[in-house]
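One letter stands for each residue in the lines below.
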Amino acid sequence: MEPTLNQVIAWAKAAGQIALDGLHTKHTIGYKSETDFVTEVDHACEKLLMDSIFGGFPDHSIIAEETGKVKGHADHCWHIDPLDGTINYSHKVPFFAISVAYQFQGKLQLGVVYDPSHDECFSAERGKGAWLNGEAIHVSDCPDLQHSLLVTGLPHNEPDLTVVSRRMEIFGRITNITQGVRRLGSAAIDMCYVACGRLDGYWEEKINSWDIAAGSLICKEAGAMVTDFQGNPDYFKPPYGLVASAPGIHEELLKNLS
Ligand code: IPD
Ligand code: CA
Ligand code: CA
């Protein structure tokens, strides 16, 4: 038996309710590094999602942000980000999401990103399309960078200052030739906003499989071009950096990112 999109949507919404219920409570912060932390709500959401998956598919493998790799059948792999936008969440900024994706034989099949604060559920199924609360979504028809509004993610724990300067230089240069570059704090929602045409493109250099698995499938199924920084379509491999955009600006965006 294969998992269905409706099953994954139900699990993501249940986890989203946990996150919403916990938003205004006092959080227990666990530090993964000096600048990277996790709350008890990340763990609670992850537990619900993992229990749900193992409840139906006990032999599947899972890569979950807080638990790591749980070995199972190599053909069936889940990627879980229980709370994408933990820093927003811990500051009570209502911009965070639950992200779950299912991959079969190396290909992403199902993706769900649920933003509980706005009750927006983005989903996609390989070859069948992408939806926002059940309505089909499409990327924008933005023709050039000049008319585009973009979004990116910037790591805030980069030890090499020359890398930081290079990223800021690119951020500034692209800001100057577009309608702007947002930094919203949830890679999963960033990609879904590109998928539904609110934003025209997204890039992030160093990221993890759980951050981009669901969002990148949703983007692709909504008609976005999704590639690595060299323009190759096989972006889903370490270091997982990717560029996702409306087809009309992809080439120009890649050029300006190099
Ligand atoms: C982070 C967010 C952020 C992105 C970081 C991610 P987290 O995920 O998606 O927007 O820039 O790269 O790590 O830690 O909140 O799950
Ligand atoms: Ca994340
Ligand atoms: Ca997370």
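Located above this text is the structure these notes cover.
Please read all numbers here as calculations on a predicted model, not as lab measurements.

**Comments concerning the overall build of the protein**
Moving on, step 1. Helix and strand content of the protein: seven helices and 15 strands.
Moving on, step 2. The C-alpha atoms of the protein give a radius of gyration of 17 Å, which matches the 18 Å a tight globule of 258 residues would have.
Moving on, step 3. By principal-axis analysis of the C-alpha atoms, the protein measures approximately 50 × 40 × 30 Å.
Moving on, step 4. Counting across all 258 residues of the protein, residues that qualify as buried make up 54%.
Moving on, step 5. Considering only residue pairs separated by 6 or more positions, the protein has 61% of its internal contacts joining residues 24 or more positions apart.
Moving on, step 6. Counting only carbon and sulfur atoms, one obtains 54% of the accessible surface of the protein, whose full area is about 11500 Å².
Moving on, step 7. The average position of the 20 basic charges and that of the 34 acidic charges among the side chains of the protein differ by 3 Å.

**Remarks on the layout of surface pockets**
Moving on, step 1. The space that makes up the largest pocket amounts to roughly 830 Å³.
Moving on, step 2. Elements with a contribution of two residues or more to the lining of the largest pocket: strand 5 (73-84), helix 3 (86-90), helix 5 (187-195) and helix 6 (209-221).
Moving on, step 3. Each residue belonging to the lining of the largest pocket can be placed in one class, and the counts come to ten nonpolar, ten polar and 13 charged.
Moving on, step 4. Residues lining the lining of the largest pocket come from more than one domain, with at least three contributed by each of domain 1 (5-136) and domain 2 (145-257).

**Some remarks on the nonpolar core**
Moving on, step 1. Judged by nonpolar contacts, the single largest core of 39 residues is most densely connected at Val113, Phe122, Ile137, Tyr202, Ile212, Ile218 and Cys219.
Moving on, step 2. Among the elements of the structure, strand 6 (97-104), strand 7 (107-115), strand 8 (120-125), strand 9 (129-132), helix 5, helix 6 and strand 15 (242-245) are those that each provide at least two residues to this core.
Moving on, step 3. Counting residues domain by domain, this core receives three or more from each of domain 1 (5-136) and domain 2 (145-257).
Moving on, step 4. Core analysis: the second largest hydrophobic core is formed by 28 residues, Cys45, Phe57, Leu110 and Cys121 among them.

**Brief notes about the sheet that holds strand 4 (residues 68-70)**
Moving on, step 1. Pairing in this open sheet of eight strands is mixed, and the strands run 4-3-5-6-7-8-9-10 from one edge to the other. Looking at strand neighbours, the two that pair on one side only are strand 4 and strand 10 (135-136), the edges of this open sheet.
Moving on, step 2. Relative to strand 6, strand 5 runs antiparallel, the two sharing seven bridges. What sits directly across from Asp81, in strand 6, is Ser99.
Moving on, step 3. The strands that helix 1 (residues 5-22) touches are strand 5, strand 6, strand 7, strand 8 and strand 9; relative to strand 7, the one it contacts most, it runs at about 35°.
Moving on, step 4. Across the sheet, helix 2 (residues 40-56) lies against strand 3 (60-64), strand 4, strand 5 and strand 6, angled at about 150° from strand 5, the strand it touches most.

Rules used throughout
- Residues numbered from 1 in each chain as written.
- Chains lettered and ligands numbered in written order.
- Predicted model: local features only at pLDDT ≥ 70, side-chain atom pairs only at ≥ 80, totals over all residues.
- Heavy atoms only, no water.
- Helix = DSSP H or I, 4+ residues; strand = E, 2+ residues; numbered from the N terminus.
- Rg over C-alpha atoms; globule rule 2.2 N^0.38 Å.
- Buried < 20%, exposed > 50% of the residue type's maximum accessible area, 1.4 Å probe, protein only.
- Contact = heavy atoms within 4.5 Å.
- Areas by Shrake-Rupley, 256 points an atom, 1.4 Å probe, with all protein chains shown as cover.
- Lys, Arg positive; Asp, Glu negative; His and termini not counted.
- Charge placed at Lys NZ, Arg CZ, Asp CG, Glu CD.
- 1 Å grid on protein atoms, 1.4 Å probe; cavity = no way out; pocket = protein on both sides within 12 Å on 5 of 7 lines; lining within 4 Å.
- Points joined across faces, edges and corners; volume = space filled by probe spheres on them.
- Nonpolar A, V, L, I, M, F, W, Y, C, P; charged D, E, K, R; others polar.
- Domains from an automatic or database assignment.
- Core = buried A, V, L, I, M, F, W, Y, C linked by side-chain atoms within 4.5 Å.
- Pairing = 2+ DSSP bridges.
- Axes fitted to C-alpha atoms, helices over the stretch in contact; angles between N-to-C directions.

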